[in-house]
Amino acid sequence: MPMRVSGMYSGMDTETIIADLVAVRQTKVDAVKKAQTKHEWKQEAWKNLNSKIYKLFNGTMDNLRYQFSYAKKTTKVSNPNVATVITSDSAMKSAQSLKIKSLASSGYLTGGELKGVTADTTMGELLDASAFDENGKASFEVKIGNDTHTIELTADSKISDLTNKLKEIGLNVNFDTATNRIFIGAAESGEENDFEITGAAAVLDKLGLSEAGGAHKEKGTSAEIELNGATFKSATNTFEINGLTITCNAETGDKEV
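This one's a predicted model, so the numbers in the text were calculated from it and none came from an experiment.

Conventions we followed
- Residues numbered from 1 in each chain as written.
- Predicted model: local features only at pLDDT ≥ 70, side-chain atom pairs only at ≥ 80, totals over all residues.
- Heavy atoms only, no water.
- Phe/Tyr/Trp six-rings, centres within 6.5 Å; stacked < 30°, edge-to-face > 60°.
- Lys NZ or Arg CZ within 6 Å of the ring centre and 35° of its normal.
- Salt bridge = Lys/Arg side-chain N within 4 Å of Asp/Glu carboxyl O.
- Helix = DSSP H or I, 4+ residues; strand = E, 2+ residues; numbered from the N terminus.
- Buried < 20%, exposed > 50% of the residue type's maximum accessible area, 1.4 Å probe, protein only.
- Pairing = 2+ DSSP bridges.
- Axes fitted to C-alpha atoms, helices over the stretch in contact; angles between N-to-C directions.
- Arc of directions from axis to C-beta.
- Contact = heavy atoms within 4.5 Å.

A closer look at the packing of aromatic side chains
Right, so step 1: Applying the stated rule across the entire model yields zero aromatic pairs.
Right, so step 2: A cation over a ring is seen here: K217 above F195, with NZ or CZ 4.6 Å from the ring centre.

Here it is as structure tokens:
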């Protein structure tokens, strides 16, 4: 059975003395552990640095020994203002002719002016009662590419709710309070990414989303080029053809580059 001698018998506070001695020893132990941790961090840092140096010498710099690393193919464009070209190693050595027939653009609709309308104006305030069906819904359709979406509004729906619903289906939308118009843009360029809004005139006219309601629609277009007499189309102004990445900046009509 363990025996303890306390200050009660010796006149000394032995427990405090022992605790202080242990604390001094623990401080040394903690210092060693911190030094060990710091050493491990240094080892990890050196390990990562060595890996990067190894990769540099056996990868990037090793490739610099070969001729192909310096003999990169390039393409010169007679009119760099209308097109830029990036050449890959697989591109053919040749002189080629390019015509840029049209550039890609995104579909865009500028809505008609909605006088006295704010983002908090409700459909009940803006639309006639005849615009709502027996279920209290006023609806129209938006076709984006090959997908058709139905937008349903109630009398309590606000202009801000309408713009949010159009954003949810993938359109860029804003209600401009300075001009009181709804602006809608396709998320991507090209004919296949264009959008079309159809529905009852009682709804679209009042929302300024139809021609009769004052809206103006610009159709999305695809880029079209002729390369060596062959026609190519793209939803963007960049084409990747036979090792060439061609970025079109301006139309050339029938003039060859």
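The rest of the description comes next.
Thoughts on the pattern of salt bridges
Right, so step 1: Tallied over the full model, the rule gives three salt bridges.
Right, so step 2: In this structure, D194 engages K217 in a salt bridge whose closest nitrogen and oxygen atoms are separated by 2.9 Å. A residue pair is termed long-range when its members are at least 10 positions apart, and D194 in the loop between β7 (181–185) and β8 (195–199) and K217 in strand β9 (residues 216–218) qualify at 23 residues.
Right, so step 3: The class of D194 is buried, set by a relative accessible area of 14%.
Right, so step 4: Owing to a relative accessible area of 29%, K217 belongs among the partly exposed residues under this scheme.

Things to note about the pairing of strand β6 (residues 172–176)
Right, so step 1: Side chains V173 and F175 of β6 all project onto a buried face; the interleaved residues N172, N174 and D176 project onto a face where none is buried.
Right, so step 2: The pairing of β6 with β7 spans five bridges and is antiparallel. Across the sheet, residue D176 finds its bridge partner in β7, namely R181.

A look at the sheet that holds strand β11 (residues 230–234)
Right, so step 1: Spatially, the three strands line up as an open sheet ordered β2-β10-β11, and their pairing is antiparallel. Edge positions in the sheet fall to β2 (98–102) and β11, since each of these pairs with one other strand and no more. Taken over all neighbouring pairs, the strand axes of this sheet differ in orientation by 25° on average, direction set aside.

Points about helix α4 (residues 159–168)
Right, so step 1: Restricting attention to buried positions, one finds in α4 the residues I159, L162, T163 and L166. Down the axis, α4 shows its buried residues gathered within 95° of arc, on one side only.
Right, so step 2: For α4, the elements touching its buried residues are α3 (123–126), β4 (138–144), β5 (147–153), β6, β7 and α5 (201–207).
Right, so step 3: At the C-terminal side of α4, G170 shows a positive phi close to 105°.

Digging into the sheet that holds strand β12 (residues 238–241)
Right, so step 1: The three strands are arranged β1-β13-β12 in an open sheet whose pairing can be described as antiparallel. Every other strand in the sheet has two partners, leaving β1 (83–87) and β12 as the edge strands with one partner each. Ignoring which end each strand starts from, the neighbouring axes of this sheet average 20° apart.
Right, so step 2: Pairing geometry for β12 and strand β13 (residues 244–248), over four bridges, is antiparallel. Each bridged residue has a counterpart across the sheet, and for E240 the counterpart in β13 is T245.

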